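# Close look at the chain arrangement
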Amino acid sequence: MIVVLHNTDGEGGAVDAASVAGAARAVADALVARGERVELVGVRGVDALAALVALAQRPPELIVNLCESLAGRASNEPTLAGVLDLLGLRYTGADLVALASCLHKDRAKRLLLGAGVPTPPYRVLACDADLADPTLDALDYPWFVKPVREDASVGITDANVARSAAALRARAGELMRELAQPVLAERYVAGREVNVGFVGDRMLPMREIDFAGMPADRPNIVSYAAKWDEAHVDYAGTTSVPLAAASPALVAELERVARAAWRVLGLRDYGRVDLRVDAAGQPWVIDVNPNCDVSPDAGLAKAAAAAGLAYEDLVAAIVASARARAA
């Protein structure tokens, strides 16, 4: 028996939760089509603990862990993986350490930089004193601000590209108050955005964000609206397409940097590394997603299709990787 586990509440509300539930149903259907016995289990808030204890009393062979938050907080995503480990339940995807390292973006930065993986210079702004720091005036703008422990582009709008110290202070202050957490500011890399997906230890064909449809007065970024609001101009302006017109040298460097980030942060089974390429052709890691969207229409599935893996093959490969690790 394989249990497909997903959260029924989301950091961004009903839209996020519905997206996760849809992905869970698609994964379950793909496994059933492969002849697996599958149970779909949704968990919510503190009730998740009772559900997990019940699973531990009759352990399934494997849990496909699609929980991206609990009790409406993305910060609880690593906690759930830790409980699965505590209960001795086998599951797909990253463990507590990797999930927490990627979720807390300042920790991911320190690990990447410590291993020599290129990622933009950054500051963590946690209080009013940090916002008042006069050294912010001397930064090489534009810089980009984002919540330090969110995913799914929560808190990301066009205002997050700060072109001056005043703009950085204003937007960072708004995010700190709105989301009750520190803000990470990093040098903005104006260039191509490339997504590198992995299944098991296999790197999938690269994809990039096509910003051709983005209005000239908006920055080329993947905002929250770009992911979740189909009526928004950002949604139409951020299309995922196969990487094209890239030199062999650039492809090789993207592969090297993405694989290094994957290993440094301890990802497994599946995930995605997001990079920006500057004018000099240097890739910079801007995010590492250990629990990326596995919906049939998401970027990972599109990259898998380019590698000759149908959606059912992708899901089967994720499960096979977890099974091999547990053997």
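Attention in this report is confined to the structure presented alongside it. (Residues numbered from 1 in each chain as written. Predicted model: local features only at pLDDT ≥ 70, side-chain atom pairs only at ≥ 80, totals over all residues. Heavy atoms only, no water.)

The subject of this paragraph is the packing of helix H3 (residues 77-86) against helix H4 (residues 96-103). Taken N-terminus to C-terminus, the directions of H3 and H4 make an angle of 175°; their axes are 8 Å apart at the nearest point. Between H3 and H4, the angle falls in the class roughly antiparallel. Counted together, Glu77, Pro78, Ala81 and Gly82 of H3 and Leu96, Leu99, Ala100 and Leu103 of H4 form the full contact between these two elements. By residue class, the composition of the contact of H3 with H4 is six nonpolar, one polar and one charged. (Axes fitted to C-alpha atoms, helices over the stretch in contact; angles between N-to-C directions. Helix = DSSP H or I, 4+ residues; strand = E, 2+ residues; numbered from the N terminus. Parallel < 35°, antiparallel > 145°, perpendicular 65-115°, else oblique. Contact = heavy atoms within 4.5 Å. Nonpolar A, V, L, I, M, F, W, Y, C, P; charged D, E, K, R; others polar.)

Turning to the sheet that holds strand E4 (residues 122-125), a few remarks are in order. Ordered in space as E4-E7-E5-E6, the four strands form an open sheet in which the pairing is antiparallel. Pairing within the sheet leaves two strands with one partner each, and these edge strands are E4 and strand E6 (161-162). Of the strand pairs in this sheet, strand E5 (residues 143-147) and strand E7 (residues 183-187) are connected by five bridges, and their pairing is antiparallel. Bridging across to E7, Phe144 finds its partner in Glu186. Where helix H5 (residues 105-114) meets the sheet, its contacts fall on E4, E5 and E7, and the angle it forms with E4 comes to roughly 150°. Running at roughly 5° to E5, helix H7 (residues 165-179) makes contact with E4, E5, E6 and E7 of the sheet. (Pairing = 2+ DSSP bridges.)

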